[in-house]
Amino acid sequence: MSKTSSIYTRVEPQLKEQVEDVLGQLGIPVANAINLFLHQIVIHRGIPFEVKLPHKKPIDFVDDLSRTELDAELEKAVDDLEAGRTMTSKQVRENMQRKYNA
C-alpha cells in the first residue's frame, strides 16, 4: 500500500454541503474527487479548466455606463432600427441563450 499525505483546507459550510450533495449523487467521496483533481493538475501541468471571470451579462453592462455612454448606445440602437438591422425577439432570445447561457 502506498503512503498517503493529508491536506487540510477550510471551506464555507454551504459550499461543502453542495459539493457533498453533487458528489454523493455521483457516488464519489469528496476525498476521491480531490484526488482526481490533483491528478489532473499533474497531467495537464496546471489547472485542468479555465480560470477566468465570467462574461458580464447585458444587464450588468448597462449599470456600468455613464449617462453619455448610455445615450451613445441608444443612438446606435436607433440607427440600427432605422437601417433595418434588427432581429425578432425570438432571434434575440436564441442569441442571448447561446452567448450567455441564459
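Residues numbered from 1 in each chain as written. Predicted model: local features only at pLDDT ≥ 70, side-chain atom pairs only at ≥ 80, totals over all residues. Heavy atoms only, no water.

S.K.: What exactly am I supposed to notice about the overall build of the chain here?
M.R.: From N to C terminus, the chain includes 5 helices and 0 strands. In sequence order, the chain lays out its α and β elements as α-α-α-α-α. By the compact-globule yardstick of 13 Å for 102 residues, the chain is too spread out, its C-alpha radius of gyration being 23 Å. With respect to the three principal axes, the spread of C-alpha positions in the chain is 75 × 30 × 30 Å. Classification of the 102 residues of the chain by burial places 2% in the buried group. As presented, the chain carries roughly 9900 Å² of accessible surface, and 57% of it is formed by carbon and sulfur atoms. In the chain, which carries 14 positive and 16 negative side-chain charges, the distance between the mean positions of the two groups comes to 9 Å. (Helix = DSSP H or I, 4+ residues; strand = E, 2+ residues; numbered from the N terminus. Rg over C-alpha atoms; globule rule 2.2 N^0.38 Å. Buried < 20%, exposed > 50% of the residue type's maximum accessible area, 1.4 Å probe, protein only. Areas by Shrake-Rupley, 256 points an atom, 1.4 Å probe, with all protein chains shown as cover. Lys, Arg positive; Asp, Glu negative; His and termini not counted. Charge placed at Lys NZ, Arg CZ, Asp CG, Glu CD.)

S.K.: Looking at this model, I keep getting lost on the pattern of salt bridges. Mind explaining?
M.R.: It is possible for side chains of opposite charge to pair when their charged atoms get near one another. Tallied over the full model, the rule gives 5 salt bridges. Among the ionic pairs, Glu20 bridges to Lys16, the shortest N-O distance being 2.8 Å. Here Lys16 and Glu20 lie together in helix α1 (residues 13-26), a separation of 4 residues that amounts to about one turn. Relative accessible area serves as the criterion here: at 34%, Glu20 is assigned to the partly exposed category. (Salt bridge = Lys/Arg side-chain N within 4 Å of Asp/Glu carboxyl O.)

S.K.: Help me out: how do you make sense of the layout of surface pockets in this one?
M.R.: Unfilled space is identified by rolling a water-sized probe across the atoms. In this model, the largest pocket occupies a volume close to 470 Å³. Around the largest pocket, the lining is made up of 16 residues, and of these Ile7, Thr9, Val30, Ala31 and Ile34 lie nearest the centre. Sorting the residues of the lining of the largest pocket by element identifies α1 and α2 (30-44) as the ones contributing at least two each. The greatest single-element share of the lining of the largest pocket, amounting to 5 residues, is contributed by α2. Each residue belonging to the lining of the largest pocket can be placed in one class, and the counts come to 9 nonpolar, 5 polar and 2 charged. (1 Å grid on protein atoms, 1.4 Å probe; cavity = no way out; pocket = protein on both sides within 12 Å on 5 of 7 lines; lining within 4 Å. Points joined across faces, edges and corners; volume = space filled by probe spheres on them. Nonpolar A, V, L, I, M, F, W, Y, C, P; charged D, E, K, R; others polar.)

S.K.: Would you explain helix α4 (residues 67-83) in this entry?
M.R.: An α-helical turn contains 3.6 residues, so a residue and the one three or four places further along point in the same direction. Over its 17 residues, α4 extends 24 Å from the first C-alpha to the last, a length consistent with the 24 Å expected when each residue adds 1.5 Å. Within two residues after α4, Gly84 carries a phi angle of roughly 80°, on the positive side. (Expected span 1.5 Å × (residues − 1).)

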